[in-house]
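Secondary and tertiary structure notes
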Amino acid sequence: DNSTVRARNLDTSGAVSVALADTASPVIIEGDAARNEEPTAEVLAEFKRKYDWDITDYANRCLIRIAPQKMMFWKVGSDAVVRWRFRSGAWHAHSN
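Below is a short write-up of the structure. Worth saying up front: this structure is predicted, and the values here are computed from it rather than measured.

Enumeration over the complete set of coordinates arrives at 4 salt bridges. For E46, the salt bridge goes to R49, with nearest N and O atoms at 2.5 Å. Of this pair, E46 and R49 both sit in helix 2 (residues 41-51), 3 residues apart, which is roughly one turn of the helix. With a relative accessible area of 61%, R49 lands in the exposed category.

The side chains of a regular strand alternate between the sheet's two faces. Bridge count between strand 2 (residues 27-35) and strand 3 (residues 64-74): 9 bridges; the pairing is antiparallel. Within strand 3, the position partnered with I29 by the bridge is M71. Pairing between strand 3 and strand 4 (residues 81-87): 5 bridges, direction antiparallel. In the strand pairing of strand 4, M71 is matched with W84. Between strand 3 and strand 4, which follow one another and run antiparallel, lie 6 residues, and G77 among them has a positive phi close to 95°.

Attention now moves to the environment of D11. Topologically, D11 is positioned in helix 1 (residues 5-12). D11 sits 38 residues away from R49 along the chain, and the two C-alpha atoms are 29 Å apart. At a separation of 2.7 Å, a polar atom in the side chain of D11 contacts the side chain of R35.

Our next topic: the side chain of R35. With respect to the secondary-structure elements, R35 resides in strand 2. Take R35: its relative accessible area is 18%, and that puts it in the buried class.

Attention shifts here to the layout of surface pockets. Reported here for the largest pocket is a volume of approximately 330 Å³. Along the walls of the largest pocket sit 16 residues, with R6, A7, L10, V16 and I64 positioned nearest its centre. Listing elements by their share of the lining of the largest pocket, those giving two or more residues are helix 1, strand 1 (15-20) and strand 3. The greatest single-element share of the lining of the largest pocket, amounting to 5 residues, is contributed by helix 1. When its residues are assigned to classes, the lining of the largest pocket shows 10 nonpolar, 4 polar and 2 charged.

Criteria and thresholds
- Residues numbered from 1 in each chain as written.
- Predicted model: local features only at pLDDT ≥ 70, side-chain atom pairs only at ≥ 80, totals over all residues.
- Heavy atoms only, no water.
- Salt bridge = Lys/Arg side-chain N within 4 Å of Asp/Glu carboxyl O.
- Helix = DSSP H or I, 4+ residues; strand = E, 2+ residues; numbered from the N terminus.
- Buried < 20%, exposed > 50% of the residue type's maximum accessible area, 1.4 Å probe, protein only.
- Pairing = 2+ DSSP bridges.
- Polar contact = N/O pair within 3.5 Å; in protein donor to acceptor, adjacent residues only side chain to side chain.
- 1 Å grid on protein atoms, 1.4 Å probe; cavity = no way out; pocket = protein on both sides within 12 Å on 5 of 7 lines; lining within 4 Å.
- Points joined across faces, edges and corners; volume = space filled by probe spheres on them.
- Nonpolar A, V, L, I, M, F, W, Y, C, P; charged D, E, K, R; others polar.

Spelled out as structure tokens, the structure:
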């Protein structure tokens, strides 16, 4: 919905953080986001193929494109945290 707090925040600041809900192996992605006001035919076809969802009529929805900048993941019970940064068109890993 274009009137939600999340949608309004997206218009104010494109910074986003997305977390996948796997408590044993969390993944967090940070990046820049923008509304995808006019998805390409390729995006529409991929949604239909992958999710069997026709999103051509999404007037009350907010389709968002995210350009990832950082990714972090770890395994519960492990001391290793792996961080990735996206620079110069490639991912670069940093572990602690």
